[in-house]
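Understanding the architecture of this molecule
Each chain is listed here by its residues.
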Amino acid sequence: MSKKIINARVTFRNSPIHILEKFTIRDVESAYLQFRKNSGLEECVIIQTCNRIELFAKSKNLDYEKIKKTWASIAGLDQELFDENLQIDENDKAFHHLLKLTSGLDSMVIGEEQILGQIKTSITSARNIKASGKHLNTLFDKAIRIGTRIRNSSGISQGGISVGSMAVKLAEENIDELKSKKILLIGTGEVSTLIAKSLQRRGYNFVVTSRTLERSQTFCETLGGKAVKFENVLSGFENYDVIFVATTAPYFLVTFDRIIKASEKRKDGMMILDLSNPRTVDERVATIGGIKLMNLDQIAEMVEKNMNARLNKVKTVENIINEEVTVLEASMKRLDAEPLVKDVFKNIDSLRQKEFEKAISMLDEKDEKKIKIIEELTKAVVESIVATPMNNIRKASEQGKPDLLEVASKLFDYNKKEQE
Ligand SMILES: NC(=O)c1ccc[n+]([C@@H]2O[C@H](COP(=O)([O-])OP(=O)(O)OC[C@H]3O[C@@H](n4cnc5c(N)ncnc54)[C@H](OP(=O)(O)O)[C@@H]3O)[C@@H](O)[C@H]2O)c1
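A look at the overall build of the protein
Secondary structure assignment for the protein yields 16 helices and 10 strands. Its C-alpha radius of gyration of 28 Å places the protein more than 25% over the 22 Å reference for a compact globule of 420 residues. If one aligns the C-alpha atoms of the protein with their principal axes, the spans along those axes are about 100 × 50 × 40 Å. When burial is assessed residue by residue, the protein has 49% of its 420 residues classed as buried. Across the protein, contacts joining residues at least 24 apart in sequence account for 71% of those joining residues at least 6 apart.

Some details on the pairing of strand β5 (residues 183–186)
On a regular strand, one side chain projects to one face of the sheet and the next to the other, so that they alternate. Alternating positions in β5 separate into two faces, I183 and L185 on one and L184 and I186 on the other, with burial throughout. With 4 bridges connecting them, β5 and strand β8 (residues 242–245) associate as parallel partners. Bridging across to β8, L184 finds its partner in I243. Relative to strand β6 (residues 207–209), β5 is paired through 3 bridges, and the arrangement is parallel. Within β6, the residue paired with L184 across the bridge is V207. This β-α-β element, β5 to helix α9 (residues 190–201) to β6, shows right-handed connectivity.

Observations concerning the site of the ligand
Taken together, the neighbourhood of the ligand is formed by 23 residues, with T188, E190, V191, R211 and N277 sitting nearest. Within the backbone of T188, an N or O atom sits 2.7 Å from an oxygen atom of the ligand. Protein burial of the ligand: of its 900 Å² of free accessible surface, 85% is covered by the chains. Elements with a contribution of two residues or more to the shell around the ligand: α6 (114–128) and α9. Residue composition of the shell around the ligand, by class: 10 nonpolar, 10 polar and 3 charged. Residues lining the shell around the ligand come from more than one domain, with at least three contributed by each of domain 1 (4–159 + 311–331) and domain 2 (163–305).

Things to note about the nonpolar core
Counting 86 residues, the largest nonpolar core has F23, F35, L55, F56, W71, F244 and L273 as its most contacted members. Looking at which domains feed residues into this core, each of domain 1 (4–159 + 311–331) and domain 2 (163–305) supplies at least three. The residues contacting F23, other than those within four sequence positions of it, are V10, I53, W71, A75, L77, L81, F82 and N85.

Some points on unusual backbone geometry
The phi angle of most residues is negative, glycine excepted, and most peptide bonds adopt the trans form. At the junction of N277 and P278, the peptide bond is cis and its omega measures out at 0 degrees in the coordinates. Assignment of secondary structure puts P278 in the loop between β9 (270–274) and β10 (291–295). Despite not being glycine, N91 shows a phi value in the positive range, around 40 degrees. Note that N91 resides in helix α5 (residues 91–103). For N91, a relative accessible area of 14% corresponds to the buried category. A positive phi angle is found at D364, which is not glycine, with a value near 55 degrees. Along the chain, D364 turns up in the loop between α14 (308–363) and α15 (368–398).

Notes on the sheet that holds strand β2 (residues 43–49)
For sheets, the rule is that strands pair by backbone hydrogen bonds, running either parallel or antiparallel. Strand order in the open sheet formed by 4 strands is β2-β3-β1-β4, and the pairing between neighbours is antiparallel. Edge strands, defined here as strands with exactly one partner in the open sheet, are β2 and β4 (87–90). Here the strands of the sheet are splayed against their neighbours by 15 degrees on average, with no regard to which way each runs. Across 7 bridges, the pairing between β2 and strand β3 (residues 52–59) is antiparallel.

Quick word on the packing of aromatic side chains
Throughout the structure, instances matching the rule amount to 5 aromatic pairs. With a centroid separation of 5.0 Å and an interplanar angle of 85 degrees, the aromatic rings of F23 and F82 are classed as edge-to-face. On the criterion of sequence distance, the pair formed by F23 in the loop between α1 (17–20) and α2 (28–38) and F82 in helix α4 (residues 80–85) is long-range, its members being 59 residues apart. Relative accessible area serves as the criterion here: at 1%, F82 is assigned to the buried category. Here the aromatic cluster, defined as three or more aromatic residues joined through ring pairs, consists of F23, F35, W71 and F82. Above the plane of the ring of Y204 lies K179, whose end atom (NZ or CZ) is 5.2 Å from the centre. Directly above the aromatic system of F256 lies the positively charged group of R284, at a separation of 4.7 Å from the ring centroid.

Regarding the packing of α6 against helix α7 (residues 134–154)
Running from N to C, α6 and α7 cross one another at 165 degrees; their axes reach a closest spacing of 11 Å. By the criterion of interaxial angle, the relationship of α6 to α7 is roughly antiparallel. Of the two elements, α6 crosses α7, and the hand of that crossing is left-handed. Judged by residue contacts, I115, L116, I119, K120, I123 and R127 of α6 engage L136, N137, F140, D141, I144, T148 and R151 from α7. Within the contact of α6 with α7, the residues separate by chemical class into 7 nonpolar, 2 polar and 4 charged.

Focus: α5
Between the first and last C-alpha of α5 there are 18 Å, a value that for 13 residues agrees with the 18 Å anticipated at 1.5 Å per step. Within the span of α5, buried status applies to N91, A94, F95, H97, L98, L99, L101, T102 and S103. Residue G104 follows α5 closely and has a positive phi angle near 90 degrees.

Cut-offs used in this document
- Residues numbered from 1 in each chain as written.
- Predicted model: local features only at pLDDT ≥ 70, side-chain atom pairs only at ≥ 80, totals over all residues.
- Heavy atoms only, no water.
- Helix = DSSP H or I, 4+ residues; strand = E, 2+ residues; numbered from the N terminus.
- Rg over C-alpha atoms; globule rule 2.2 N^0.38 Å.
- Buried < 20%, exposed > 50% of the residue type's maximum accessible area, 1.4 Å probe, protein only.
- Contact = heavy atoms within 4.5 Å.
- Pairing = 2+ DSSP bridges.
- Right-handed = clockwise from strand over helix to strand, strands pointing away.
- Near = heavy atom within 4 Å.
- Polar contact = N/O pair within 3.5 Å; in protein donor to acceptor, adjacent residues only side chain to side chain.
- Areas by Shrake-Rupley, 256 points an atom, 1.4 Å probe, with all protein chains shown as cover.
- Nonpolar A, V, L, I, M, F, W, Y, C, P; charged D, E, K, R; others polar.
- Domains from an automatic or database assignment.
- Core = buried A, V, L, I, M, F, W, Y, C linked by side-chain atoms within 4.5 Å.
- Axes fitted to C-alpha atoms, helices over the stretch in contact; angles between N-to-C directions.
- Phe/Tyr/Trp six-rings, centres within 6.5 Å; stacked < 30°, edge-to-face > 60°.
- Lys NZ or Arg CZ within 6 Å of the ring centre and 35° of its normal.
- Parallel < 35°, antiparallel > 145°, perpendicular 65-115°, else oblique.
- Left-handed = near helix turned anticlockwise from the far one by under 90°.
- Expected span 1.5 Å × (residues − 1).

The following block contains the structure:
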């Protein structure tokens, strides 16, 4: 393949949550501009979830140092951190990883559905602002389709435990008589929905808060719980025994000072489960007596233990992915030939059209039926002459033989610039 497609990623597999969050790209739109301008990337797609920050990119001349430098400046961190945390894959390995993502095999909860939605959102926004182009759009469209098919045929997504249920289970395991405790849920987004569903299913009473009371009220109408005012919660953490936090707030909501004050007013301990990434609970609260803090890392450990049913299906999914990667790789290589093939077809067709019109004018033919027959004849002749060499060029490209593409470009006087 003349161009490389790479995946550069920092994920929960290699990096603990407090390191992972450092790599977060806050202004994705501006990051796309910088990656393209400063790292020489022709196309890019950024995927960010609570468990991963990933960059897929296409370039003819990849320079990993430039990519790291740009990423480091965007996220405001030391380039050295990349050496320990960044994983990079190229071409077929990058495709393989993307299929693992879309099929749910690389997720913390294997087979979970959310990642597929997150990938769809990432490629849609990259496409809308033209950060991605023909190569990554095709790659992602295909990978999403393949991933969905794999999930349906293998059943890897069925019967799973959500991050929300995991968090509730963790609370159950750590707290005696959870039913008698005062439970608070901060957040009304996707993860909070999973937590609320799990609490509701298990018959727990809980209160919910988010910045707007109306939003919490609407949330509680469908998911249970009782809405409470955000300001009251922030100034009164002492009223709760268990706090689930799942927000995208860019700062700590549950601060050290607020919890110190709360704990002074309480005689019992408190458990705080922070599902947010970046975290919204200051980890120093764990140093306060009686406060038990758990975050996504601990939930990850628990997920590992609960994975057995789905783990049985992992081997099957891996085998399907291995087969699909070969097909995906061939389609991506074929893309290299498409601009040339299109250009040749276009040029030959315009010649055909010119000669056809000249002939009709010389014949002074007015009969529409005859004109149609002559036109079809010119098309058929052109098609039968051009189709075989063009298919051979496509095949050579699929098989990773760029030489034929080079020769064809010379033969057809193809302007290479259009391939970029
Ligand atoms: N989605 C996943 O698969 C997944 C899994 C595990 C963990 N996580 C992490 O969990 C967190 C929540 O994810 P999500 O998918 O539920 O997000 P989401 O659907 O976008 O919801 C975000 C929530 O954060 C609240 N929020 C945003 N800014 C806030 C602020 N400044 N102060 C207070 N609340 C604020 C929003 O409340 P308002 O109504 O007030 O805006 C909303 O309730 C994220 O940190 C994410 O990384 C996500």
